[in-house]
Amino acid sequence: ILYNKKRKKICFITSSRADYGHQEPLMKLVKNNKNFIFQFIITGTHFSKDFGETYKQIIKDGFKPSAKIPLTGKLKTKKDIIYSMNKISRNFFQIINKLKPDIIVIFGDRFEILSCAEVALINQIPMAHIGGGDITEGSYDDCIRHCLTKMSSLHFPTNNISQLS
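Residues numbered from 1 in each chain as written. Predicted model: local features only at pLDDT ≥ 70, side-chain atom pairs only at ≥ 80, totals over all residues. Heavy atoms only, no water.

Digging into the environment of Asp-50
Stage number 1. When you line up the elements, Asp-50 lands in the loop between β2 (36–44) and α2 (55–60).
Stage number 2. Looking at Asp-50, the relative accessible area reads 56%, which means it is exposed.
Stage number 3. Sequence-wise, Asp-50 and Lys-74 are 24 residues apart; in three dimensions their C-alpha atoms are separated by 9.7 Å. (Helix = DSSP H or I, 4+ residues; strand = E, 2+ residues; numbered from the N terminus. Buried < 20%, exposed > 50% of the residue type's maximum accessible area, 1.4 Å probe, protein only.)

Here's what the structure looks like:
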């Protein structure tokens, strides 16, 4: 996918301050490389006042989002989360049909990322997953991370132990 002469569209998705922090150095490399077309989608807690509206810092860092999928309301119940996942899926479907990325880079274990990954999988857009094999005990994050790993074409574990998983 990345080896012919056509400039490839690489689309990063971030849903929280934590995943953005890990992806930011790679995002800079891709953004500044003339061989790639950099795309970037912001969603999740980046828009939450409770979490500091971190999308503002991302823009200050010099990244102009290709698209935004803000979440509204609190995510206190299972119903809130399911409705949010549905909204992200519908919006992400429209966005990728417009952007037409060649590959999507995802990180971690958030439900927002899972919603995007499901749409990418059905639309046969390859994904690169960073963080597969990591462990978060006592939450559904492990199941989401495992799903993301299974759906992805490229895998970038964060450490030697995760690489063996």
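Structural notes on the pairing of strand β4 (residues 103–107)
Stage number 1. Counting buried positions over the five residues of β4 gives five, a clear majority of the element.
Stage number 2. Taking every second residue as pointing to the same face, both faces of β4 are buried, with Ile-103, Val-105 and Phe-107 on one and Ile-104 and Ile-106 on the other.
Stage number 3. Strand direction decides the pairing type here: β4 and strand β5 (residues 127–130), joined by four bridges, are parallel. Paired with Ile-104 across the two strands is Met-127, which belongs to β5.
Stage number 4. Once you follow β4 into helix α4 (residues 111–122) and on to β5, the crossover reads as right-handed. (Pairing = 2+ DSSP bridges. Right-handed = clockwise from strand over helix to strand, strands pointing away.)

Remarks on the sheet that holds β4
Stage number 1. The strand order β3-β2-β1-β4-β5-β6 describes an open sheet built from six strands, whose pairing is parallel. The sheet is open, and its two edges are formed by β3 (67–70) and β6 (154–156), each paired on a single side. Between one strand and the next, the sheet's axes are offset by a mean angle of 20°, whatever the strand orientation.
Stage number 2. Bridge analysis of strand β1 (residues 8–14) against β4 gives three bridges, and the strand direction is parallel. Residue Ile-10 lies in a different strand from β4, and its bridge partner there is Ile-103.
Stage number 3. Most of the contacts of helix α1 (residues 17–31) go to β1, to which it runs at about 160°, and overall it touches β1, β2, β4 and β5. (Axes fitted to C-alpha atoms, helices over the stretch in contact; angles between N-to-C directions. Contact = heavy atoms within 4.5 Å.)

Details of helix α3 (residues 78–99)
Stage number 1. Over its 22 residues, α3 extends 31 Å from the first C-alpha to the last, a length consistent with the 32 Å expected when each residue adds 1.5 Å.
Stage number 2. If you check which residues of α3 are buried, you get Ile-81, Ser-84, Met-85, Ile-88, Ser-89, Phe-92, Ile-95, Ile-96 and Leu-99. Along the long axis of α3, the arc covered by the buried residues comes to 145°, so they all point the same way. Along α3, the residues that are exposed and aim more than 90 degrees away from the buried face are Lys-79, Ile-82, Tyr-83, Arg-90, Gln-94 and Lys-98. (Expected span 1.5 Å × (residues − 1). Arc of directions from axis to C-beta.)

Some points on the packing of aromatic side chains
Stage number 1. The full count for this structure, using the stated rule, is six aromatic pairs.
Stage number 2. Between Tyr-20 and Phe-63, the ring centres sit 6.2 Å apart and the planes meet at 85°, which makes this aromatic pair edge-to-face. In this pair, Tyr-20 sits in helix α1 while Phe-63 sits in the loop between α2 and β3, placing the two residues 43 residues apart along the sequence. Take Tyr-20 and Phe-63: they sit in the same class, and that class is buried.
Stage number 3. By way of ring pairs, the aromatic residues Phe-12, Tyr-20, Phe-38, Phe-40 and Phe-63 are connected into one cluster. (Phe/Tyr/Trp six-rings, centres within 6.5 Å; stacked < 30°, edge-to-face > 60°.)

Regarding the environment of Pro-101
Stage number 1. Its location among the elements puts Pro-101 in the loop between α3 and β4.
Stage number 2. Sequence-wise, Pro-101 and Phe-12 are 89 residues apart; in three dimensions their C-alpha atoms are separated by 9.6 Å.
Stage number 3. With residues up to four places along the chain from it excluded, the contact list for Pro-101 reads Lys-9, Cys-11, Gln-39, Ile-96 and Ile-125.

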